[in-house]
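Results of the structural survey
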Amino acid sequence: MNDISTEDKKPSCDSVINSVAYRDGKRLQDVTVEDISEVLKEPDTFVWLGLWQPEDAYMRSIQEEFGLHDLAIEDALSAHQRPKIEQYGESLFIVTHTAQKVNETIEYGETHLFLGKNFLITVRHGASSSYKEIRKHAEERPDMMNKGPAYALYCVLDSIVDNYLEILHRYTEEFDAIEKLMFQNTFNQQAVQQVYKLRRDLLSLRNSAVPMEDICNQLSHHYEELMPKSLRAYIRDVQDHANQVIRTTDDMREMLSNAMHVNLALVSVHQNEVVQRLAGWGAILAIPTVVFSLYGMNFKNMPELDDWWGYPVTLGVTLVGCLWLYWKLKKSGWL
């Protein structure tokens, strides 16, 4: 998984990462923002525009070129939108959450997408890998790019969900390591903290995948004028991958919860075993304690006190009693 590309971090009007026109599935030319409206008038041509955190004034110029709705533009300028899909006139506005590895940690960002009959606009906010490789991969399939901007949309959504799967694989490795720590009969506070953190991380990933599944479901059943039927199988494939992320995160969260309960049960059982052993040895020591404390009392008339064999008989009886009780406790599993 690639980290955020530093070459993509450009302010102001340089927030335009790519602006390319395609015709008949092939790359035609780079297009300046000012010329986009003219290019869109050409038949069998669509524009794929990539933006990174554009400023308000610049986004307003984009609105004029593509004829986008005011509400969609306002949402696209804000980096804290809930994932959704909405239709404004002849275009769709889609918000997705992206997950990205940044300096060995997982951070979340957003990608806002505008889909029209002859354009696709991607607006990235926060943690997100460059879409340069996605565009390159799509351009290698002119037969699919010929289907229009809907195929480019599929490529972006597929890449986002693939990132989910890569992160999920990392979490699976963490899960395997934590699970081994939990199946011990000693309490490990660090392991419990790791379980809580992993459950929280899995929930964040799940919260990104659930809306993606719904977005793909809507794309595969509605918006026929923007999403050709020939591409719906590809969208359903993305939906299946998102569903896989959801089911796997749910299973892992449930297993982590069960592992915590198992760990607490093992610790309790171990503590009970220790208490049983202590109680068993206490019972054994009670016999000589009672006998010796009895003979330690300062009474003149004690049993067999004046006989030479009284002392060894007392020791023998005490020893036999202790051995018999030890055998009974050992047989019952207390020792």
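Residues numbered from 1 in each chain as written. Predicted model: local features only at pLDDT ≥ 70, side-chain atom pairs only at ≥ 80, totals over all residues. Heavy atoms only, no water.

Some words on the pairing of strand β6 (residues 105-116)
Judged by how many residues are buried, β6 sits mostly within the fold: 9 of 12 residues are covered. Where β6 meets strand β7 (residues 119-126), 8 bridges bridge the pair, whose relative direction is antiparallel. Of the residues in β7, the one forming a bridge with L113 is T122. (Buried < 20%, exposed > 50% of the residue type's maximum accessible area, 1.4 Å probe, protein only. Helix = DSSP H or I, 4+ residues; strand = E, 2+ residues; numbered from the N terminus. Pairing = 2+ DSSP bridges.)

Quick look at unusual backbone geometry
One non-glycine residue, D44, lies in positive phi territory at about 55°. Secondary-structure assignment places D44 in the loop between α1 (36-39) and β3 (45-52). Phi angles above zero are rare outside glycine, and Y223 is one such case at about 55°. Mapped onto the fold, Y223 is located in the loop between α7 (189-221) and α8 (229-295). Classification of Y223 as buried rests on a relative accessible area of 13%.

Quick notes on the layout of surface pockets
Of the voids in this model, the second largest pocket is the one considered here, and its volume is about 160 Å³. If you trace the second largest pocket, you find 14 residues lining it, with D44, T45, F46, N146 and G148 closest to the centre. Contributing elements (two or more residues each) for the lining of the second largest pocket: β1 (16-23) and β3. Considering only residue class, the lining of the second largest pocket consists of 4 nonpolar, 5 polar and 5 charged. (1 Å grid on protein atoms, 1.4 Å probe; cavity = no way out; pocket = protein on both sides within 12 Å on 5 of 7 lines; lining within 4 Å. Points joined across faces, edges and corners; volume = space filled by probe spheres on them. Nonpolar A, V, L, I, M, F, W, Y, C, P; charged D, E, K, R; others polar.)

Considering helix α2 (residues 56-66)
For α2, every residue scored as buried is listed here: Y58, M59, I62, Q63, E65 and F66. Within α2, the buried residues cover an arc of 165° as seen down the axis, which keeps them to one side. Pointing more than 90 degrees away from the buried face of α2 are the exposed residues A57 and E64. (Arc of directions from axis to C-beta.)

Observations regarding the pattern of salt bridges
According to the stated counting rule, one finds 9 salt bridges in the structure shown. In this structure, the salt-bridge partner of E42 is R23, at a minimum N-O distance of 2.2 Å. On the criterion of sequence distance, the pair formed by E42 in the loop between α1 and β3 and R23 in strand β1 is long-range, its members being 19 residues apart. On the basis of relative accessible area, R23 is assigned to the partly exposed category, the value being 31%. Measuring nitrogen to oxygen at the nearest pair gives 2.5 Å for the salt bridge that ties R206 to D250. Placement of the pair is R206 in helix α7 and D250 in helix α8, with a sequence separation of 44 residues. On the accessibility criterion, R206 (24% relative accessible area) is partly exposed. Within this structure, R27, D30 and E139 form a network of salt bridges that share partners. (Salt bridge = Lys/Arg side-chain N within 4 Å of Asp/Glu carboxyl O.)

A few points about the confidence of the model for the chain
Across the chain, pLDDT averages 77, with 76% of residues at or above 70. Within the chain, strand β4 (residues 84-88) carries the highest mean pLDDT (87), whereas helix α9 (residues 310-332) carries the lowest (70). (pLDDT = per-residue confidence, 0-100.)

Remarks on the packing of aromatic side chains
Given two aromatic rings, their pairing is described by the distance between the two centres and the angle made by the two planes. Scanning the model with the defined rule gives 6 aromatic pairs in all. The interplanar angle of 40° and the centroid separation of 4.9 Å between the aromatic rings of F93 and F114 together place this pair among those described as tilted. Placement of the pair is F93 in strand β5 (residues 91-102) and F114 in strand β6, with a sequence separation of 21 residues. Considered together, F93 and F114 belong to a single accessibility category, that of buried residues. Here Y154 and Y234 contribute two aromatic rings whose centre-to-centre distance is 5.3 Å and whose plane-to-plane angle is 65°, an arrangement assigned as edge-to-face. Remark: Y234 occurs in helix α8 and Y154 occurs in helix α6 (residues 149-182); sequence separation between them is 80 residues. A relative accessible area of 31% places Y234 in the partly exposed class. Site record: aromatic cluster; members linked through ring pairs are Y22, F46 and W48. The ring of W48 has R135 lying over it, and the distance from NZ or CZ to the ring centre is 4.3 Å. (Phe/Tyr/Trp six-rings, centres within 6.5 Å; stacked < 30°, edge-to-face > 60°. Lys NZ or Arg CZ within 6 Å of the ring centre and 35° of its normal.)

Observations concerning the side chain of Q63
Mapped onto the fold, Q63 is located in helix α2. For Q63, a relative accessible area of 12% corresponds to the buried category. Apart from residues lying up to four places away in sequence, Q63 is in contact with L68, H69, D70 and I73. (Contact = heavy atoms within 4.5 Å.)

Topic: the nonpolar core
Counting 53 residues, the largest nonpolar core has W48, L153, Y164 and L219 as its most contacted members. The leading source of residues in this core is α6, at 16 residues. The residues contacting L219, other than those within four sequence positions of it, are I85, L92, I94, L153, L157, M227, R232 and I235. Among the nonpolar cores identified, the runner-up in size contains 24 residues, and V31, Y88, F93 and V123 belong to it. (Core = buried A, V, L, I, M, F, W, Y, C linked by side-chain atoms within 4.5 Å.)

Focus on helix α4 (residues 132-139)
Taken as a whole, α4 has its buried residues at I134, R135 and A138. The arc that holds the buried residues of α4, viewed along the axis, is 95°, so those residues lie on one side.

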